[in-house]
Amino acid sequence: MGVIGVDLGGTQLRVAVADDRGRLTTVVRRPTEAARGRQHVINRIVAAVKDALGEDGTVPRSTRRRVLSSARATCPASGTSRSTGS
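Residues numbered from 1 in each chain as written. Predicted model: local features only at pLDDT ≥ 70, side-chain atom pairs only at ≥ 80, totals over all residues. Heavy atoms only, no water.

A. Up close: the overall build of the protein chain. Scanning the protein chain for helices and strands turns up 1 helix and 6 strands. Residue burial in the protein chain is summarised as follows: out of 86 residues, 26% are buried. Long-range pairs, those at least 24 residues apart, make up 40% of the contacts in the protein chain with a sequence separation of at least 6. In the structure as shown, the protein chain presents an accessible area of about 5900 Å², 52% of it carried by carbon and sulfur atoms. (Helix = DSSP H or I, 4+ residues; strand = E, 2+ residues; numbered from the N terminus. Buried < 20%, exposed > 50% of the residue type's maximum accessible area, 1.4 Å probe, protein only. Contact = heavy atoms within 4.5 Å. Areas by Shrake-Rupley, 256 points an atom, 1.4 Å probe, with all protein chains shown as cover.)

This is the structure:
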């Protein structure tokens, strides 16, 4: 069982797959393309996760933990975001 980590930044989206010992086995980087809207970014996240799992050969259901990290807090109702600090 592995771990999937998603790091969502304003300009770059990174997805990493790690083994049970926390060793990174695959990292996928994509531009976030935030200016294209919230749904586009969500679609980019889903595609990047699929790509990372495919490159790694990990079956999605075999992962035991999924982690999402973002430097910005986003209001689900309005889609607006603000920085949470450095």
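What follows picks up the thread again.
B. Quick look at the pairing of strand β3 (residues 24–31). In this structure, strand β2 (residues 12–18) lies alongside β3, joined through 7 bridges in antiparallel fashion. Of the residues in β3, the one forming a bridge with Val17 is Thr26. Taking the residues between adjacent antiparallel strands as the criterion, β2 and β3 are bridged by 5 residues, where Gly22 takes a positive phi near 85°. (Pairing = 2+ DSSP bridges.)

C. Looking closely at the side chain of Thr26. By the element assignment, Thr26 lies in strand β3. In this structure Thr26 comes out as buried when scored by relative accessible area, which is 8%. A distance of 2.8 Å separates a polar atom in the side chain of Thr26 from a polar atom in the side chain of Asp56. Those residues in contact with Thr26 that sit more than four places away from it in its chain are Val15, Ala16, Val17, Ala52, Glu55 and Asp56. (Polar contact = N/O pair within 3.5 Å; in protein donor to acceptor, adjacent residues only side chain to side chain.)

D. Here's a closer look at the environment of Thr32. Locating Thr32 in the fold gives a position in the loop between β3 and α1 (38–56). The spatial distance from the C-alpha of Thr32 to the C-alpha of Arg44 is 7.1 Å, given a sequence separation of 12 residues. Apart from residues no more than four positions distant in its own chain, Thr32 is found in contact with Leu8, Gly9, Gly10, Thr11, Gln12, Leu13, His40, Val41 and Arg44. In terms of polar contacts, Thr32 uses its side chain to reach the backbone carbonyl oxygen of Gly9, at 2.8 Å.

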